[in-house]
Amino acid sequence: MSSIARTIPQMNEISLRESALATGGFETPELNDKIFLHYKGYRKIENLEPYSELCALWLDSNGFDKIENISFLHKLHCVFLQKNLIRRIENLDGLTNLVQLDISENRILKISGLSVLPNLTNLNISKNLIKNISFAALSI
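Residues numbered from 1 in each chain as written. Predicted model: local features only at pLDDT ≥ 70, side-chain atom pairs only at ≥ 80, totals over all residues. Heavy atoms only, no water.

(A) Fine view of the pattern of salt bridges. Evaluation of the coordinates by the stated rule reveals 4 salt bridges. The shortest N-O distance in the salt bridge between Glu-13 and Arg-17 comes to 3.0 Å. Taken together, the residues Glu-13 and Arg-17, both in helix α2 (residues 13-22) and 4 residues apart, mark about one turn of the helix. Given the relative accessible area of 58%, Glu-13 is considered exposed. The partner of Lys-34 in a salt bridge is Asp-33, and the shortest N-O contact between them spans 4.0 Å. According to the relative accessible area criterion, Lys-34 is partly exposed, its value standing at 37%. (Salt bridge = Lys/Arg side-chain N within 4 Å of Asp/Glu carboxyl O. Helix = DSSP H or I, 4+ residues; strand = E, 2+ residues; numbered from the N terminus. Buried < 20%, exposed > 50% of the residue type's maximum accessible area, 1.4 Å probe, protein only.)

Next up, the structure:
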């Protein structure tokens, strides 16, 4: 394993627990209704399964290039994924309670994948690489 790979933070049981406790959350994952995982240097969204009661999830300002491993978090109302490296809006099925999604300042080229979010009322998709906007893609 290269020294670079060893220094990239990973979203694992220990780091998730430390993040929850550092912001007034609980050691027991399912007792947390929010978790702040911003500015951590993570590259992959993973290991959130024990946090089944989350209503708000802060994942902004990391190095994610893909939205993944959150579709089982059915209670989520707010997801903050701004300032990452995301190229596509994907893997959001199952988030039927999502009201707010911030995916601004990423590398998204096309608006799609929002039709699976029936309760979405607040979308921030500013400062991406979108050239043409189809308003049909925005209808939910």
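(B) Expanded view of the nonpolar core. If you look at the biggest cluster of nonpolar residues, it comprises 32 residues, and the most contacted ones within it are Met-11, Leu-37, Leu-48, Leu-57, Ile-70, Leu-81 and Leu-101. Sequence-distant contacts of Leu-37, defined by excluding residues within four places in its chain, comprise Met-11, Leu-16, Ser-19, Tyr-42, Leu-48, Leu-57, Trp-58, Leu-59, Asp-60 and Asn-62. (Core = buried A, V, L, I, M, F, W, Y, C linked by side-chain atoms within 4.5 Å. Contact = heavy atoms within 4.5 Å.)

(C) The sheet that holds strand β2 (residues 56-58), seen in detail. Spatial strand order, β1-β2-β3-β4-β5: 5 strands in an open sheet with parallel pairing. Since the sheet does not close on itself, it has two edges, and those belong to β1 (34-36) and β5 (122-124), each with one partner. Averaged over all neighbouring strand pairs, the angle between strand axes comes to 5°, with direction disregarded. Where β2 and strand β3 (residues 78-80) come together, 3 bridges link them in parallel fashion. By the bridge assignment, Trp-58 is partnered in β3 with Phe-80. (Pairing = 2+ DSSP bridges. Axes fitted to C-alpha atoms, helices over the stretch in contact; angles between N-to-C directions.)

(D) Fine view of α2. Residues Ser-15, Leu-16, Ser-19 and Ala-20 constitute the buried set of α2. Buried residues along α2 cover an arc of 135° about the axis, so they all sit on one side. Within α2, the exposed residues directed more than 90 degrees away from the buried face are Glu-13, Ile-14, Glu-18 and Ala-22. Looking at the buried residues of α2, the elements they touch are β1. Following α2 by one or two positions, Gly-24 has its phi on the positive side, about 85°. (Arc of directions from axis to C-beta.)

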